[in-house]
Amino acid sequence: MKIAFYSTKPYDRIYFEPMSRERGIEIHFFEAACSVETIPLANGCDALCIFVNDYLNEAMIGQLAQMGVTAILLRCAGFNNVDIRAAAQNGIHVLRVPSYSPEAVAEFATALLLTVNRHTHRAFMRTRDFNMSINGFMGTDLHGKTAGVIGTGRIGQAMIRILKGFGMEITAYDPYPNESLGITYDTIENVFRNSDVITLHCPLTPETKHIVQAKTIELMKDGVYLINTSRGDLVRTEDLIEGLLHKKFAGVGLDVYDEEGGVFYEDRSNDIIDDENLARLSTFPNVLITSHMGFFTKEAVRAIAEVTLENADAVQKGLELKNEVLDTN
Ligand code: NAD
């Protein structure tokens, strides 16, 4: 099997290169993102391997079918960036890595929360400059406070375990509650209303797009902390900025951003930033933005390579495709 591997970064090769050799799979690594312009690079390949900010729309999938591509291998969990229906109609399998290390993402969400709460990122900058003042760095005890968890799947559950360890009360919303977790579920409105910390762990779907927007921000407590490690489009950025300007949030941690494609994972330090919202967000002292790196641990990256190549093998050998994303609409 030959795979066209888009958006390659040096760390992708660490596990994919040796593991693909062992399996006799040939990978063509391209630094370019998958886009209309770069689709022809996949000519002669049986499959494409793409990441979170690559996309495949209907027209591109039609082109892939003509080239004889039979599988799209997502080396991530989310699949909102691929037209699943178009793939099904063209007989192309879409496979993903549903779970690699939920703890990696939950631990990172916790890091964002602790950082924006206790200002450790700013303290680091100050002490390096021998400014030992702690003015402006007062935080809040998490112990005894209420955390609202939106989405109690794999990552949400890992987050709940961690937050319970801090002695936090948990309130949660999920359209498919998991009664075995021993937590209290409530309506999404009440979760927004009653939480001191809100952490988003649901997938991006038409129902969850802009789940955080002016109306829901209005419901939240003043001084709430918001953490988003799921997908940027869960939050309407203009409304978040408005809320920040009105001092609604004590802290906001964002590992994802609605317009992150083409910016996150790239070094743009020499460029003029033409994204007004991103530029505005980065001026708030109580906002911490990271570059979609919640997954980025050795364990998770190794597991991503393993499962992606297992998925490729299954397609090649006609085995059961247990990680196939099916068109359910
Ligand atoms: P999961 O499928 O195990 O859990 C998702 C949960 O969300 C499920 O329980 C589902 O019932 C629930 N859900 C569905 N619709 C909902 C809605 N309208 N409101 C609230 N909950 C809803 O997924 P997971 O492994 O826990 O991953 C969650 C998300 O995290 C992924 O979809 C992905 O977007 C994101 N993610 C981010 C990173 C990162 O590096 N930052 C890495 C992996 C995953």
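Since this is a predicted model, take the numbers as computed values, not measurements.

Visitor: Help me understand the site of the ligand, please; the structure alone is not making it clear to me.
Guide: Residues in close proximity to the ligand total 23 residues, the closest being Tyr-100, Arg-154, Ile-155, Asp-174 and Thr-229. Interatomic distance of 2.9 Å between a backbone N/O atom of Arg-154 and an oxygen atom of the ligand. Between Asp-255 and the ligand, the recorded distance is 3.0 Å, taken from a side-chain N or O atom to a nitrogen atom. When the free accessible area of the ligand is taken as 870 Å², the share hidden by the protein chains comes to 85%. Split into classes, the residues belonging to the shell around the ligand amount to 10 nonpolar, nine polar and four charged.

Visitor: Explanation requested: the pairing of strand β11 (residues 249-254) in the structure shown.
Guide: The side chains of a regular strand alternate between the sheet's two faces. The buried fraction of β11 is high, at five of six residues. Bridge analysis of strand β10 (residues 224-228) against β11 gives five bridges, and the strand direction is parallel. By the bridge assignment, Val-224 is partnered in β11 with Phe-249. Traced from β10 through helix α9 (residues 237-245) to β11, the parallel crossover comes out right-handed. With three bridges connecting them, β11 and strand β12 (residues 287-289) associate as parallel partners. Within the sheet, the bridge partner assigned to Val-252 lies in β12 and is Val-287.

Visitor: Any chance you could explain unusual backbone geometry here in plain terms?
Guide: Excluding glycine, a negative phi dihedral is what most residues carry, and trans is how most peptide bonds are arranged. Within the chain, Lys-247 stands out as a residue other than glycine whose phi angle is a positive 60°. One can find Lys-247 in the loop between α9 and β11. Its identity is not glycine, yet Tyr-265 carries a phi of approximately 75°, on the positive side. By secondary structure assignment, the location of Tyr-265 is in the loop between β11 and α10 (276-281).

Visitor: Mind showing me how you'd approach the sheet that holds strand β8 (residues 184-185) here?
Guide: In a beta sheet, neighbouring strands are held together by backbone hydrogen bonds and run either parallel or antiparallel to one another. Pairing is parallel across the open sheet formed by seven strands, whose spatial order is β8-β7-β6-β9-β10-β11-β12. Edge positions in the sheet fall to β8 and β12, since each has one partner strand and no second.

Visitor: I tried to follow the environment of Glu-306 on my own but got confused; where do I start?
Guide: Along the chain, the position of Glu-306 falls in helix α11 (residues 298-317). The exposure class of Glu-306 is partly exposed, given its relative accessible area of 35%. Sequence separation between Glu-306 and His-210 is 96 residues, and the spatial gap between their C-alpha atoms is 33 Å.

Visitor: Looking at this structure, I do not really get the environment of Arg-280. What am I missing?
Guide: With respect to the secondary-structure elements, Arg-280 resides in helix α10. Through-space distance from the C-alpha of Arg-280 to that of Ile-241 is 7.7 Å; in sequence the pair is 39 residues apart. If we ignore the near neighbours within four places in the chain, the residues touching Arg-280 are Ile-241 and Leu-245.

Visitor: Teacher, can you tell me more about the pattern of salt bridges here?
Guide: Between side chains of opposite charge, pairing is possible as soon as their charged atoms come close. Tallied over the entire structure, the rule returns 11 salt bridges. Put simply, Arg-23 and Asp-313 hold a salt bridge, and the shortest N to O gap is 2.7 Å. Residue Arg-23 is located in helix α1 (residues 10-23), and its partner Asp-313 is located in helix α11; the two are separated by 290 residues in the primary sequence. Residue Arg-23 is classed as partly exposed on the basis of its relative accessible area, which comes to 32%. Residues joined in a network through salt bridges with shared partners are Arg-23, Asp-313 and Lys-317.

Visitor: For this particular structure, what's the right way to read the sheet that holds strand β1 (residues 2-5)?
Guide: With parallel pairing, five strands are arranged side by side in an open sheet as β2-β1-β3-β4-β5. At either margin of the open sheet sits one strand with a lone partner, and together these are β2 (26-29) and β5 (93-95). Neighbouring strand axes in the sheet, compared pairwise and without regard to direction, differ in orientation by 20° on average. Against the sheet, α1 contacts β1 and β2, and its axis sits at roughly 155° relative to β2. Taken strand by strand, α11 contacts β1, β2, β3 (47-50), β4 (71-74) and β5, and its axis lies near 165° from that of β4.

Visitor: So what exactly am I meant to see when it comes to the packing of aromatic side chains here?
Guide: What characterises a pair of aromatic rings is the spacing of the ring centres plus the angle enclosed by the ring planes. Per the counting criterion, the structure on display carries eight aromatic pairs. Ring geometry for Phe-5 against Phe-16: centres 4.8 Å apart, planes inclined by 70°, an arrangement best described as edge-to-face. Separated by 11 residues along the polypeptide, Phe-5 in strand β1 and Phe-16 in helix α1 bring together distant segments of the chain. Taking the relative accessible area as the measure of exposure, Phe-5 reaches 0% and is therefore buried. Judged by centre distance (5.9 Å) and plane angle (45°), the rings of Tyr-6 and Phe-30 are tilted. Here Tyr-6, found in the loop between β1 and α1, pairs with Phe-30, found in the loop between β2 and β3; they are 24 residues apart in sequence, far enough to count as distant. Taken as a pair, Tyr-6 and Phe-30 share a single burial class, namely buried. Through pairs of rings, three or more aromatic residues link up here, namely Tyr-11, Phe-51, Tyr-265, Phe-295 and Phe-296.

Visitor: So what exactly am I meant to see when it comes to the pairing of β2 here?
Guide: Every second residue of β2 is oriented toward a common face, the buried set being Ile-27 and Phe-29 and the non-buried set Glu-26 and His-28. With four bridges connecting them, β1 and β2 associate as parallel partners. Residue pairing in the sheet places Ile-3 in a bridge with Ile-27 of β2. At this point the chain moves from β1, through α1, to the parallel β2, and the crossover so formed is right-handed.

Rules used in this analysis
Residues numbered from 1 in each chain as written. Predicted model: local features only at pLDDT ≥ 70, side-chain atom pairs only at ≥ 80, totals over all residues. Heavy atoms only, no water. Near = heavy atom within 4 Å. Polar contact = N/O pair within 3.5 Å; in protein donor to acceptor, adjacent residues only side chain to side chain. Areas by Shrake-Rupley, 256 points an atom, 1.4 Å probe, with all protein chains shown as cover. Nonpolar A, V, L, I, M, F, W, Y, C, P; charged D, E, K, R; others polar. Buried < 20%, exposed > 50% of the residue type's maximum accessible area, 1.4 Å probe, protein only. Helix = DSSP H or I, 4+ residues; strand = E, 2+ residues; numbered from the N terminus. Pairing = 2+ DSSP bridges. Right-handed = clockwise from strand over helix to strand, strands pointing away. Contact = heavy atoms within 4.5 Å. Salt bridge = Lys/Arg side-chain N within 4 Å of Asp/Glu carboxyl O. Axes fitted to C-alpha atoms, helices over the stretch in contact; angles between N-to-C directions. Phe/Tyr/Trp six-rings, centres within 6.5 Å; stacked < 30°, edge-to-face > 60°.

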